[in-house]
Amino acid sequence: DEDTDLEEARARYFRSIYMTTKEEKRVPVLLKVMTDMGNRDFQSRPSLQEIINISPALLPDFTPFLQQWIEITQTEEKPSYDAWLREANHLLHGSSGLERLAKKEGYKRPRVYLDWMRSLIDAKNFTEALNVGEIALTALPEGQPLRAAIGDLMTLCGDSLQDEKIQQKGRWISFKTKPDLQKLMTLYEQDHDHTSTSTSLMQQAIEVIEHHKENPNQQNYENSWERDDIERSCRPSTTLLLHAILFSGDNNKAFLLAKKGHSLGWSSGDNPQPLFIAYCLINATKCSLHQLPPHLKQFWEYALKMSRDSVWYIEGDRNDISQKLEKIYGSLFEKPCPIDQDMLEWCLRASQKRVEDIVSHQRRGAYDRAALLTAACTDTLKITNPMKATEFFLNIQNKFPRHSAFQAELGRINIVKSQKL
């Protein structure tokens, strides 16, 4: 791996500087070189630990080096100096060094609480790590994004201790600070066997998401020096709110939210219409996900994909998110959930408006999606009201007789033949 080779070369370079520089000049020289390297394009930021790890031989005069390193790095409030100060305290004094730093300067170095917790977790002192988590939550203001990472570490402690209450507490702290789809689904699954509890938890989740949307965190965190999102504030999407509302079973509230969406811009995670319309069409058919007509199934997959816009999940987890979403909605569709006729009529009107807006504005790149939506609605009506199915399809087909590209898309999805229109 190219990046690994580069970082190995970097570590050897740092170590050679350490070994060949006079003791009194070692810290300023190494600090300058590491600062320069920190601005370059490596996967990870430079650290003292890599200088240690690159060779089994002990570094000479390492204790006085760390003492001098701590003296210098605590003089400037740079993110790199903060990270190196915390690391040096841990290397020199272990968890107790981080504890002293947290108690003395935790208010201006909030990441020290995470380092302190992680050091205790690495030593398998999970109960002590949980105590540190409580100290951190008391010290950090309610809106501090770092609280989510504290909650994640508390959940990790709960996993190791096999304590469900601790796990639940950690998950909730993390979600409350930074709600995202992965966390929402975990909360839903946590109580899905206990309907009343689950509904109550989803109601709380809705309130949290609404609060974040109404009171966006004004602090504009740049990508942190450590290249993670721990200090980045949360901006939950409208589709995340819609998922929570649908999980809670409140179709009326979901309907009100969907009405605020627009006929165009369905690729945006802030447009609730595609997910709501797909949800209503499926419920109207009373089919399970395995029994859906082909075009409705394809539209459902499209709507679900558009709804997974959260920035907080890890790239490799997308399939996992899709499978979990399918499972949750699969179970929701199995339960009787009658869709109000007004909702269904609105969905059909909103769908027709979208198709008309796409074609009349000649958004050719979206013609295939307009044709799919037409087919999905026709599929649904074929089950719920067969006479209306023909009418719905022909209204759209006949409205744009001269738009050959759109007509070709309608023909390509074979809806005319499959619906025998």
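Please refer to the structure placed before this passage.
Definitions and cut-offs
Residues numbered from 1 in each chain as written. Predicted model: local features only at pLDDT ≥ 70, side-chain atom pairs only at ≥ 80, totals over all residues. Heavy atoms only, no water. Axes fitted to C-alpha atoms, helices over the stretch in contact; angles between N-to-C directions. Helix = DSSP H or I, 4+ residues; strand = E, 2+ residues; numbered from the N terminus. Parallel < 35°, antiparallel > 145°, perpendicular 65-115°, else oblique. Left-handed = near helix turned anticlockwise from the far one by under 90°. Contact = heavy atoms within 4.5 Å. Salt bridge = Lys/Arg side-chain N within 4 Å of Asp/Glu carboxyl O. Buried < 20%, exposed > 50% of the residue type's maximum accessible area, 1.4 Å probe, protein only. Core = buried A, V, L, I, M, F, W, Y, C linked by side-chain atoms within 4.5 Å. 1 Å grid on protein atoms, 1.4 Å probe; cavity = no way out; pocket = protein on both sides within 12 Å on 5 of 7 lines; lining within 4 Å. Points joined across faces, edges and corners; volume = space filled by probe spheres on them. Nonpolar A, V, L, I, M, F, W, Y, C, P; charged D, E, K, R; others polar. Phe/Tyr/Trp six-rings, centres within 6.5 Å; stacked < 30°, edge-to-face > 60°. Lys NZ or Arg CZ within 6 Å of the ring centre and 35° of its normal.

Visitor: Let's hear about the packing of helix H13 (residues 238-248) against helix H15 (residues 273-285): which residues, and what values?
Guide: Interaxial distance between H13 and H15 falls to 10 Å at its minimum, and their mutual angle equals 25 degrees. In this view, H13 runs roughly parallel relative to H15, as classed from their interaxial angle. H13 and H15 meet at a crossing whose hand is right-handed. Along its contact with H13, which presents Leu 242, His 243 and Leu 246, the element H15 presents Leu 275, Phe 276 and Tyr 279.

Visitor: Describe in detail the pattern of salt bridges, supporting the description with residues and values.
Guide: Two side chains of opposite charge can pair, provided their charged atoms sit close to one another. Counted by the stated rule, this structure contains 25 salt bridges. For Asp 36, the salt bridge goes to Arg 40, with nearest N and O atoms at 2.9 Å. Residue Lys 108 pairs with Glu 77 through a salt bridge whose shortest N-O separation is 3.8 Å. Here the residue Lys 108 occupies a position in the loop between helix H6 (95-105) and helix H7 (111-122), and Glu 77 occupies one in the loop between helix H4 (62-73) and helix H5 (79-93), the gap between them amounting to 31 residues. Of the residues examined, Lys 108 reaches a relative accessible area of 35% and is grouped as partly exposed. Among the charged side chains, a salt-bridge network with shared partners connects Asp 82, Arg 86, Glu 105, Arg 109, Arg 111, Asp 115, Arg 118, Glu 226, Asp 228 and Glu 231.

Visitor: Now, about the nonpolar core: what can you tell me, with residues and values included?
Guide: Within the largest apolar cluster, 78 residues are counted, with the highest numbers of intra-cluster contacts made by Leu 184, Phe 247, Phe 276, Phe 299, Trp 300, Tyr 329 and Phe 406. The residues touching Leu 184, leaving out its near neighbours within four places in the chain, are Phe 175, Met 202, Ala 205, Leu 240, His 243, Ala 244 and Phe 247. In terms of nonpolar packing, the next biggest core, distinct from the first, is built from 50 residues, Leu 59, Leu 66, Leu 85 and Leu 114 among them.

Visitor: Describe the layout of surface pockets, naming the residues involved and giving the relevant values.
Guide: Empty space within the largest pocket amounts to approximately 470 Å³. Lining the largest pocket are 18 residues, and of these Ser 47, Ala 83, Arg 86, Glu 87 and Asp 115 lie nearest its centre. No other element matches the 6 residues that H5 contributes to the lining of the largest pocket. For the lining of the largest pocket, a count of residues per class yields 6 nonpolar, 5 polar and 7 charged.

Visitor: Describe the packing of aromatic side chains, with residues and values.
Guide: Applying the stated criterion across every chain, the model contains 23 aromatic pairs. For the pair Phe 247 and Tyr 329, a centre-to-centre distance of 5.5 Å together with 55 degrees between the ring planes defines the contact as tilted. Taken as a pair, Phe 247 in helix H13 and Tyr 329 in helix H17 (residues 318-334) lie far apart in primary sequence, 82 residues in all. Each of the two residues, Phe 247 as well as Tyr 329, counts as buried. Measuring from ring centre to ring centre gives 6.3 Å for Trp 266 and Phe 299, while their planes differ by 40 degrees; the resulting arrangement is tilted. Here the residue Trp 266 occupies a position in the loop between helix H14 (251-259) and H15, and Phe 299 occupies one in helix H16 (residues 294-307), the gap between them amounting to 33 residues. Positioned above the aromatic ring of Tyr 18, the side-chain terminus of Arg 26 is 4.1 Å from the ring centre.

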